[in-house]
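Residues per chain, in single letters:
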Amino acid sequence: MSNFYKMVVIAVMDVLATIICYFFGLWVRYDFVFHEIREIHLVGFASAILPWCVITVIVFACFRLYSSIWAFVSTSEVFRIIGAYAVLAGIGTAVFHFDGILMPRASMVVGFVFSFVCTVGIRFSYRLLRTAQKK
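Values in this document were obtained by computation on a predicted structure and should not be read as measured data. (Residues numbered from 1 in each chain as written. Predicted model: local features only at pLDDT ≥ 70, side-chain atom pairs only at ≥ 80, totals over all residues. Heavy atoms only, no water.)

Some remarks on empty space enclosed by the protein
- Across all of its chains, the model carries 1 cavity of 30 Å³ or more by this definition.
- Computed from the structure, the largest cavity encloses a volume of approximately 60 Å³.
- What lines the largest cavity is Tyr 22, Gly 44, Phe 45, Ala 48, Ile 49, Trp 52, Phe 96, Met 103 and Met 108.
- At 5 residues, the largest contribution of residues to the lining of the largest cavity is made by helix 2 (residues 39–62).
- Taken together, the residues of the lining of the largest cavity break down into 8 nonpolar, 1 polar and no charged. (1 Å grid on protein atoms, 1.4 Å probe; cavity = no way out; pocket = protein on both sides within 12 Å on 5 of 7 lines; lining within 4 Å. Points joined across faces, edges and corners; volume = space filled by probe spheres on them. Helix = DSSP H or I, 4+ residues; strand = E, 2+ residues; numbered from the N terminus. Nonpolar A, V, L, I, M, F, W, Y, C, P; charged D, E, K, R; others polar.)

And the structure:
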């Protein structure tokens, strides 16, 4: 598999994880009852999630999170993920505070934390699969 193809697969996984994690945060906010989620929050989620995914992929690319995943996963990769999420926290705070996107703050925090966990999990699971294939 070429490096470009691997990079695209990981980027798609990051996008899917971001969508799922932030929706999960909204769902948790409403105690896992989908029909209780206010329409204004669903509209806010729908309007914000794709631009947020694009921002996330760009920040990840700037932190070289797509260039080293197939070589190794180590503490340096985790520190780059932490740096990327620090930047995303700043961008997210600015965008959601000043843009007027109507989302519950608690759902955004939960989505952010789950997204971080998924990002680390994606990278480590990929490396674990690569290690298992070699044996």
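Now, onward.
Let's talk about the packing of aromatic side chains
- For the coordinates displayed, the defined rule picks out 11 aromatic pairs.
- Judged by centre distance (5.9 Å) and plane angle (55°), the ring pair of Phe 24 and Phe 32 falls under tilted.
- Note on Phe 24: relative accessible area 27%, which makes it partly exposed.
- The exposure class assigned to Phe 32 is partly exposed, which follows from its relative accessible area of 45%.
- By way of ring pairs, the aromatic residues Phe 60, Tyr 66, Tyr 85, Phe 112 and Phe 116 are connected into one cluster.
- The aromatic ring of Tyr 30 is capped on one face by Arg 29, whose charged end is 4.9 Å from the ring centroid. (Phe/Tyr/Trp six-rings, centres within 6.5 Å; stacked < 30°, edge-to-face > 60°. Buried < 20%, exposed > 50% of the residue type's maximum accessible area, 1.4 Å probe, protein only. Lys NZ or Arg CZ within 6 Å of the ring centre and 35° of its normal.)

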